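Below, each chain spelled out in residue letters.
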Protein chains: 2
Amino acid sequence: MSTLPIAGSTYDKQLSAAKTFITERDHFLVVAHLHPDGDAAGSTVAVGLLLEQLGKTYVMVNEGSIPRKLAFLPNADDVVNYEEVGLQRKYNSVICIDCADDSRIGDVRDAFTEDAQILNIDHHPTNDGFGSVSLIRTDAAATVEILYDLFQAFELTWNQPLATAIYTGLLTDTGGFRYSNTTPHVMAIAAEMLRLGVDGHELANNLLEKSSFAHILLLKKALSTLTFSDNNRLAWVMVTAADMAETGATNEDFEGIVNYPRNIDGVEVGLLFKETAADTYKVGFRSAGKVDVAQLAKSFGGGGHVRAAGCTLNGTLDDVVTQVTERVRSALQ
Amino acid sequence: MSTLPIAGSTYDKQLSAAKTFITERDHFLVVAHLHPDGDAAGSTVAVGLLLEQLGKTYVMVNEGSIPRKLAFLPNADDVVNYEEVGLQRKYNSVICIDCADDSRIGDVRDAFTEDAQILNIDHHPTNDGFGSVSLIRTDAAATVEILYDLFQAFELTWNQPLATAIYTGLLTDTGGFRYSNTTPHVMAIAAEMLRLGVDGHELANNLLEKSSFAHILLLKKALSTLTFSDNNRLAWVMVTAADMAETGATNEDFEGIVNYPRNIDGVEVGLLFKETAADTYKVGFRSAGKVDVAQLAKSFGGGGHVRAAGCTLNGTLDDVVTQVTERVRSALQ
């Protein structure tokens, strides 16, 4: 088993407090952030499997459903969609996963008793420490990475379903072991999970390689608008409201399209203009590294990170494209 | 350091013979297969770094150049393109890497003396055991995985450049840790290489995320021909010779396009029709798992694997598409 990362005594104390929190209670509500992604859903079912091994009772619940592509997760069917099904009672022992603040829990807060005790397990740097006990490591790639540490502290018996849940969170929150959060510790845990029988190929295939029908139709439309300028250092695509309607695309289907222009060899800044209402465009900025697109987006009232940012502008498509590309052009010079 | 996989005494003996081969000689020619990919190029420079540590002299040479996107590899500039530069002398100690048979060495064979001794290091199941000493493990994901074992046997001092070379081979031959050859041992080695300072994010970005300009233009053209049939269980795209010419695409730029139709949710068989000459089409078959496309391709005189196969057909595009899709339709039923 992989050794714990150097985390100092604070983290060890947190681990120990989290262990006590779980040991001393018997009935839990386990909740992750609304519209759960791979790490949130993987973490939820992993905590469920831990509680099962410890002989505890629990309910797993979310605002929003587990995405269809995560339905393979062990016990995924048991995760209650609070919007649709609700809960019959309130809970006073809550394990809250992958939520930077309690607004991320959504309406499920209504299922907490007034004096509910919350164990807050998360990896987001912006976590505000809500709840009674915190288990937060902001340099973890995913919440499942923290759960791995917690499960080691419990000396839990590892098995294939548990390993699948952990691997899913690592895989999705690191973009398939490609983001800069892919530390040696992440890879070492992934190796252990594969050793426990996880089918990494199948998971990568279903979670990262597969496109929805609407996604590929939208990509086709978006690429048909691909435009280059400034010696191919700037490239952009456009998606209209009509494109979204015609392809039946949801925001989930839309994911990833913004990266295509930036990922072209030689392109320094990639843009995506998405019509969200009449004369209203959401602009996605992606940088290959040289241009700080957070600054650019900020100059239009938006924000984000150095390599990925966004803003919303009003005007005709032509006006918006001209405005934004001119400012990118200045930044490129 | 990760432990060696269970390989039995044959592999251990091979390791020991390979070690002796290198120890007993002083001057080497190091060659990988023509038109080297990430594993071939990574292996080549890794062997160079080993020989350097051992105080040996060597020349690295290939038929064809190291692809531009692999130019970051340590000492990549020192790999001679035999076609362009040639060699001044012949060599009688050869380390041959990632070549299933000696035809894969290409014209570089002309630089071997008649009595040349060859150490054949490879992971291809079809390796015919050419050469004097073989170090072959066909369940290795990449040749660099075998080199890792060899370097451990040499008790070599690991460093960041060496780790980068090894990581590159693992990353590219496993499709970014996504193919079924991504074993726990592969992931454990990757974890160690990251610990040695490899920038996994940068490598993934440059080797897997980036598209060439010609690739994206070709993708745009290919997707504009995307056609579905049989309740979206069959999908295909077409690429004409004119498309290739207009976009300036080489075969390298063409890579990956065949996977788009198959990767769509619900699609069981994806096809790509590529015009290679007048009335001549190369057909790429990809299966999501249920249909054995090797059988289909074979029925047209081609071949391949269960999930990836190909054949070449003569006729007009319409004829070829009709012929192939009808046979796929039968297989889907």
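Cut-offs used in this document
- Residues numbered from 1 in each chain as written.
- Chains lettered and ligands numbered in written order.
- Predicted model: local features only at pLDDT ≥ 70, side-chain atom pairs only at ≥ 80, totals over all residues.
- Heavy atoms only, no water.
- Pairing = 2+ DSSP bridges.
- Helix = DSSP H or I, 4+ residues; strand = E, 2+ residues; numbered from the N terminus.
- Contact = heavy atoms within 4.5 Å.
- Axes fitted to C-alpha atoms, helices over the stretch in contact; angles between N-to-C directions.
- Core = buried A, V, L, I, M, F, W, Y, C linked by side-chain atoms within 4.5 Å.
- Buried < 20%, exposed > 50% of the residue type's maximum accessible area, 1.4 Å probe, protein only.
- Phe/Tyr/Trp six-rings, centres within 6.5 Å; stacked < 30°, edge-to-face > 60°.
- Lys NZ or Arg CZ within 6 Å of the ring centre and 35° of its normal.
- Least-squares fit on C-alpha atoms with pLDDT ≥ 70 in both.
- UniProt positions renumbered as here; feature names shortened; annotations may be inferred.
- Parallel < 35°, antiparallel > 145°, perpendicular 65-115°, else oblique.
- Left-handed = near helix turned anticlockwise from the far one by under 90°.
- Nonpolar A, V, L, I, M, F, W, Y, C, P; charged D, E, K, R; others polar.

Chain A goes by Exopolyphosphatase in an unreviewed UniProt entry, where it is assigned to Paenibacillus swuensis.

All names here are of chain B. Spatial ordering of the open sheet is given by 3-2-1-4-5-6, a layout of six strands whose pairing is parallel. Edge strands, defined here as strands with exactly one partner in the open sheet, are strand 3 (80-81) and strand 6 (133-136). As defined by bridge partners, strand 2 (residues 57-62) adjoins strand 3 across two bridges and the pair is classed as parallel. Looking at the pairing, V61 lines up with V80 of strand 3. Across the sheet, helix 3 (residues 143-153) lies against strand 4 (91-97), strand 5 (112-122) and strand 6, angled at about 95° from strand 5, the strand it touches most.

A separate point is the sheet that holds strand 11 (residues 303-304) of chain A. Residues and elements named next belong to chain A. Taken in spatial order, the six strands of this open sheet run 7-8-9-10-12-11, and their pairing is mixed. On the outer flanks of this sheet lie strand 7 (227-229) and strand 11, each paired with one strand and no other. Note: strand 10 (residues 280-287) against strand 12 (residues 308-314), seven bridges, orientation antiparallel. Directly across from R286, in strand 12, lies its bridge partner A308. Relative to strand 9 (residues 269-277), helix 12 (residues 317-332) is tilted by about 155°, and along the sheet it contacts strand 7, strand 8 (234-239), strand 9, strand 10 and strand 12.

One finds L150(A) and L150(B) to be the most contacted residues of the largest nonpolar core, which totals 118 residues. L150(A) has contacts with L15(A), A18(A), K19(A), I22(A), L50(A), I121(A) and L135(A), leaving out every residue within four places of it along the chain. V239(A), I264(A), V267(A) and M244(B) belong to the second largest nonpolar core, which has 41 residues in total.

On inspection of all chains with the given rule, the structure shows nine aromatic pairs over all chains. Site record: aromatic cluster; members linked through ring pairs are Y148(A), F151(A) and W158(A). Directly above the ring of F21(A) sits R25(A), whose terminal nitrogen or CZ lies 4.0 Å from the centroid. The side chain of K274(B) reaches across the aromatic face of F254(B), ending 4.2 Å from its centre.

Once that is clear, we can look at the relation of the copies chain A and chain B. Rotating chain A by 180° about the axis while translating it 0.0 Å along that axis superimposes it on chain B, leaving an RMSD of 0.1 Å. Both copies are brought into coincidence by an operation consistent with a two-fold rotation axis. A shared binding surface is used by both copies, with 100% of the interface residues of chain A retained as interface residues in chain B.

To continue, consider the UniProt feature "domain: DHHA1" (unreviewed entry) in chain A. Look at the UniProt record and you will see "domain: DHHA1" (unreviewed entry) annotated at residues 244-327 of chain A. Between the first and last C-alpha atoms of residues 244-327 of chain A the distance is 27 Å; the span itself is 36% helix and 31% strand.

For the rest of this paragraph, the subject is the packing of helix 7 (residues 213-223) of chain A against helix 7 (residues 213-223) of chain B. Where helix 7 of chain A meets helix 7 of chain B, the closest approach of the two axes is 9 Å, and the angle between their N-to-C directions is 120°. When the interaxial angle is binned, helix 7 of chain A and helix 7 of chain B end up oblique. When the axes of helix 7 of chain A and helix 7 of chain B are compared, the crossing they make is left-handed. Residue-level inspection shows I216(A), L219(A), K220(A) and L223(A) of helix 7 of chain A in contact with helix 7 of chain B, the latter providing I216(B), L219(B), K220(B) and L223(B). Tallied by class, the residues present in the contact of helix 7 of chain A with helix 7 of chain B amount to six nonpolar, no polar and two charged.

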